[in-house]
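Tertiary structure, described
The lines below spell out each chain.
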Amino acid sequence: MDSEIQSKIFETFFTTKPVNKGTGLGLAISYQIIEKHQGNIQLKSELGYGTEFAIEIPIALPVTDLSTIPV
């Protein structure tokens, strides 16, 4: 995908599909879920070869206040 599409790919309602074929919500929602889990999503794309998404989500968030840990 070209750089213009890459810059918009995570925007809500952005789609490259024809009318009535896509909502443009899938990647936007995925991005929000990953972000809420303090993760990261990256894309690597090369025209004519394809696009790859890499998702990183931490196993556990660091504990900053020990009083919040249930006993």
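Model, not experiment: these values are computed from the prediction.

Quick word on the overall build of the chain
Check the secondary structure of the chain and you find 2 helices and 2 strands. Going from N to C terminus, the chain has its helices and strands arranged as α-α-β-β. Here the chain holds 71 residues, and 8% of them are scored as buried. Long-range pairs, those at least 24 residues apart, make up 21% of the contacts in the chain between residues at least 6 apart in sequence. When the accessible surface of the chain is summed, it comes to about 6,100 Å², and 56% of that surface belongs to carbon and sulfur atoms.

Some points on the pairing of strand β2 (residues 50-56)
In this structure, strand β1 (residues 40-46) lies alongside β2, joined through 7 bridges in antiparallel fashion. Residue Glu-46 lies in a different strand from β2, and its bridge partner there is Gly-50. In textbook terms, the turn of a hairpin is the stretch between consecutive antiparallel strands, and for β1 and β2 this stretch comprises 3 residues, one of which, Gly-48, has a positive phi near 85 degrees.

Considering the pattern of salt bridges
Here the idea is simple: oppositely charged side chains can pair when their charged atoms come close. Applying the stated criterion across every chain, the model contains 1 salt bridge. Glu-4 is the partner of Lys-8 in a salt bridge, and the nearest nitrogen-oxygen pair spans 3.5 Å. Taken together, the residues span about one helical turn, with Lys-8 and Glu-4 both in helix α1 (residues 3-8) at a distance of 4 residues.

Structural notes on the layout of surface pockets
Gaps between atoms show up when a probe of the same size as a water molecule is rolled over them. Its boundaries defined by the atoms lining it, the largest pocket holds a volume of some 170 Å³. Taken together, 13 residues form the lining of the largest pocket, with Phe-14, Thr-15, Gly-24, Leu-25 and Leu-27 sitting closest to its centre. Split by residue class, the lining of the largest pocket holds 5 nonpolar, 6 polar and 2 charged.

The rules behind each value
Sequence order as written defines the numbering, with residues in each chain counted from 1. In keeping with the model being predicted, local features are shown solely for residues with a pLDDT of at least 70 and side-chain atom pairs are shown and tallied solely at 80 or more, while totals for entire chains, interfaces and linings include all residues. In computing side-chain values, all of the structure's heavy atoms are included and hydrogens and water are not. Strands here mean DSSP runs of E at least two residues long; helices mean DSSP runs of H or I at least four residues long; both are numbered from the N terminus. Relative accessible area decides the class of each residue, using a 1.4 Å probe on protein chains only: under 20% of the type maximum gives buried, over 50% gives exposed, and in between gives partly exposed. Contacts between residues were defined by any pair of non-hydrogen atoms, one from each residue, lying within 4.5 Å. What sets the accessible areas is the Shrake-Rupley method with a 1.4 Å probe; for residues, cover comes only from the shown protein chains. Here, strands pair whenever DSSP counts at least two bridges between them. Each salt bridge in this description consists of a side-chain nitrogen of Lys or Arg and a carboxyl oxygen of Asp or Glu lying within 4 Å of one another. Think of a 1 Å grid over just the protein atoms. A cavity is a set of points where a 1.4 Å probe fits yet cannot get out, a pocket is an open set with protein on both sides within 12 Å along at least five of seven lines, and lining residues have an atom within 4 Å of a point. Grid points are joined across faces, edges and corners, and a volume is the space filled by probe spheres set on the points. Under this grouping Gly is polar, as are all residues other than the nonpolar Ala, Val, Leu, Ile, Met, Phe, Trp, Tyr, Cys and Pro and the charged Asp, Glu, Lys and Arg.

Treat this as a map of the structure, not an account of what it does.
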